[in-house]
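# Commentary on secondary and tertiary structure
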Amino acid sequence: MKILLVLRSFNKKGGISRYTAELAERFVKNYEVHLLTTNYDYEIPNLIVHKKPMVRKPFWFQILLNAYYNTKYSKNIKKKFDIDIIHSQGAESLNCDVLTAHSCHRASIKKHNEIFKGECSFPKYFFFKIVRWFWPLNRVVLSIEKRVIEKGSKKIIAVSKEVKREILENYKVPPEKIVVIPNGVDLEKFKPNPSKRQEIRNKYNIKTNEKLLMFCGHNFRGKGLKFVIEALSKLSKEVKLLVVGGDNPAPYIKLASKLGVENRIIFTGTVSKNIENYYQASDIFVFPTYYESFGLVVLEAMACGLPVLVSKVNGVEDMIREGKNGFFIKRDPEDIRQKVNALIRNKDLKNQISKNARNTAEKYSWDEVAKKTLQVYRKVLERKKYE
């Protein structure tokens, strides 16, 4: 079998990139695997890489041209190398054999509107709702999403049951076209590791008796960092917050200063290597996101044995058992404060949830994801015989 993976940026920094890299590492062991990409900074032996240029700005135009050229290039690569399966990620291409839906953009916009309706005044909410629907980037992504979901793919892999439900609600797709395959986690890399715990804590001068909350995401507003900082101001001074992600920290530093907790927050920026050390240095993972298709960072935190406090959103709902391996939280500082305190004050509860979190994560492996993905490929090839 000859496989072509289509992805804009290939590395192990982001969720979609990591997903593709994990599959590629396993597929190259037995198959001829090609990659069509623009940014390539993660080496895999025997992976055949096809790079193409990309327009950088404006971003919506980049997305549009990227989908057009990916479609064009993938057709040429398929013809030249006799490719059997073209596997695209999200809105990367207008046509492919297999599409992995890491989210449903139309559902995400609707959820975003719903959440911010309760957090903003009506005039501001109404204005942003109109802008959001007609913003060029959203119009482009929605057009590509509709095209590739309804007509440009033979099979769709949804990373959670909720993503499948969202696709069925928003697009004209038969249910049998969609297969649910949850993401995986590297269980050897992401695991409880007491020997690594002090590396990051020493780097940022975190004392042994201090409790460290961890937040990880590149969209601070959408992921709810504001609510975590507000909760921090209501917690003991021995509690600190580690913020991992590449968003602009300025508004949140200002908020922290206003609340008097600026000295208890560490902004690391983007972490490109050894992110597992940051999980291992922490005590509790807090993630009040408004929307999440699967929540790979949540699974990584659980694999490292962290109790997780997370919004009740897509994908995460399939993993969390309330009070057993984590807690669901609202985008509300008081609710977050209560859940954090419950874990800090009850060591036995925290230890049991930590153990259960790791046990849950062990059910999700990249080997299993690769195995199930290959089954989807074979079904598509079987169908092609009769077309």
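Residues numbered from 1 in each chain as written. Predicted model: local features only at pLDDT ≥ 70, side-chain atom pairs only at ≥ 80, totals over all residues. Heavy atoms only, no water.

### Remarks on the overall build of the chain
Looking only at helices and strands, one finds 16 helices and 15 strands in the chain. The C-alpha radius of gyration computed for the chain amounts to 21 Å, which stays within 12% of the reference 21 Å derived for 387 residues, consistent with globular compactness. When the backbone C-alpha atoms are referred to their principal axes, the chain occupies close to 65 × 50 × 35 Å. Here the chain holds 387 residues, and the buried ones make up 53% of them. Accessible area for the chain stands at about 18,100 Å²; split by element, carbon and sulfur atoms hold 51% of it. Here the chain contributes 72 positive and 41 negative side-chain charges, whose respective centroids are spaced 3 Å apart. (Helix = DSSP H or I, 4+ residues; strand = E, 2+ residues; numbered from the N terminus. Rg over C-alpha atoms; globule rule 2.2 N^0.38 Å. Buried < 20%, exposed > 50% of the residue type's maximum accessible area, 1.4 Å probe, protein only. Areas by Shrake-Rupley, 256 points an atom, 1.4 Å probe, with all protein chains shown as cover. Lys, Arg positive; Asp, Glu negative; His and termini not counted. Charge placed at Lys NZ, Arg CZ, Asp CG, Glu CD.)

### Things to note about the nonpolar core
By size, the foremost hydrophobic cluster in this structure holds 63 residues, and its most contacted members are Leu 225, Ile 229, Leu 241, Tyr 279, Phe 285 and Val 298. Judged by nonpolar contacts, the second largest core, of 27 residues, contains Leu 5, Tyr 19, Ala 21 and Val 98. (Core = buried A, V, L, I, M, F, W, Y, C linked by side-chain atoms within 4.5 Å.)

### A closer look at the sheet that holds strand E13 (residues 284-287)
Note on sheets: strands pair through backbone hydrogen bonds, and any given pair is parallel or antiparallel. With respect to topology, 6 strands assemble into an open sheet ordered E12-E11-E10-E13-E14-E15, the strand pairing being parallel. Sheet topology places strand E12 (265-269) and strand E15 (326-328) at the edges, where each strand pairs with a single neighbour. Neighbour-to-neighbour, the strand axes of the sheet open up by a mean angle of 20°, direction not taken into account. Inspection of the sheet shows strand E10 (residues 211-216) paired to strand E11 (residues 239-244) by 6 bridges, in the parallel sense. Looking at E11, one finds that Phe 215 is bridged to Val 243. (Pairing = 2+ DSSP bridges. Axes fitted to C-alpha atoms, helices over the stretch in contact; angles between N-to-C directions.)

### Points about the packing of aromatic side chains
As enumerated under the stated definition, the model contains 13 aromatic pairs in all. Taken together, a centroid distance of 5.9 Å and an interplanar angle of 75° make the contact between Phe 190 and Tyr 279 edge-to-face. Within this pair, whereas Phe 190 is found in the loop between strand E9 (178-180) and helix H7 (194-203), its partner Tyr 279 is found in helix H11 (residues 276-281), the two being separated by 89 residues in sequence. Put simply, the rings of Phe 190, Phe 215, Phe 220, Tyr 252, Phe 267, Tyr 279, Phe 285 and Phe 287 pair up and form one aromatic cluster. The residue whose ring lies beneath Lys 312 is Phe 328, and the NZ or CZ to ring-centre distance is 5.4 Å. (Phe/Tyr/Trp six-rings, centres within 6.5 Å; stacked < 30°, edge-to-face > 60°. Lys NZ or Arg CZ within 6 Å of the ring centre and 35° of its normal.)

### Side note on the pairing of E12
Relative to E12, E11 runs parallel, the two sharing 4 bridges. When the bridges of E12 are listed, Leu 242 appears paired with Ile 266. Between the parallel pair E11 and E12, the chain is carried across by helix H10 (residues 250-259), and the sense of this crossover is right-handed. (Right-handed = clockwise from strand over helix to strand, strands pointing away.)

### Considerations on the packing of helix H12 (residues 296-303) against helix H15 (residues 347-361)
Look at H12 against H15: their axes get within 7 Å of each other, and the N-to-C directions meet at 120°. As summarised for this structure, H12 and H15 are arranged oblique, according to the angle between their axes. Relative to H15, the crossing made by H12 is left-handed. Between H12, through Leu 299, Met 302 and Ala 303, and H15, the contact on the second element is made entirely by Ala 357, Arg 358, Thr 360 and Ala 361. Tallied by class, the residues present in the contact of H12 with H15 amount to 5 nonpolar, 1 polar and 1 charged. (Parallel < 35°, antiparallel > 145°, perpendicular 65-115°, else oblique. Left-handed = near helix turned anticlockwise from the far one by under 90°. Contact = heavy atoms within 4.5 Å. Nonpolar A, V, L, I, M, F, W, Y, C, P; charged D, E, K, R; others polar.)

### With respect to helix H16 (residues 366-384)
Because an α-helix completes one turn every 3.6 residues, residues spaced three or four positions apart along the sequence face the same direction. With 19 residues, H16 should reach 27 Å at 1.5 Å per residue; the first-to-last C-alpha distance of 27 Å fits that figure. Within the span of H16, buried status applies to Trp 366, Val 369, Ala 370, Thr 373, Leu 374, Val 376, Tyr 377 and Val 380. Taken end-on, H16 shows its buried residues confined to a sector of 155°, consistent with a single buried face. Facing away from the buried side of H16, by more than 90 degrees, are the exposed residues Asp 367 and Lys 379. (Expected span 1.5 Å × (residues − 1). Arc of directions from axis to C-beta.)

### Quick word on the packing of helix H9 (residues 225-232) against H10
Relative orientation of the contacting elements H9 and H10 amounts to 20°, with a least axis distance of 10 Å. Overall, the two elements H9 and H10 adopt an arrangement that is roughly parallel. H10 is crossed by H9, and the crossing has right-handed handedness. Along the contact surface, H9 presents Leu 225, Lys 226, Ile 229 and Glu 230, while H10 presents Tyr 252, Leu 255, Ala 256 and Leu 259. In terms of residue class, the contact of H9 with H10 is made up of 6 nonpolar, no polar and 2 charged.

### What to know about the sheet that holds E9
With parallel pairing, 7 strands are arranged side by side in an open sheet as E5-E3-E1-E6-E7-E8-E9. The open sheet has two edge strands with one neighbour each: strand E5 (48-51) and E9. Along the sheet, successive strands turn relative to each other by an average axial angle of 20°, direction set aside. Pairing geometry for strand E3 (residues 32-37) and E5, over 4 bridges, is parallel. Bridge assignment links Leu 36 to a residue of E5, and that residue is His 50. Docked against the sheet, helix H1 (residues 15-27) engages strand E1 (2-6), E3, strand E6 (85-89), strand E7 (98-101) and strand E8 (155-158), running at close to 155° with respect to E6.

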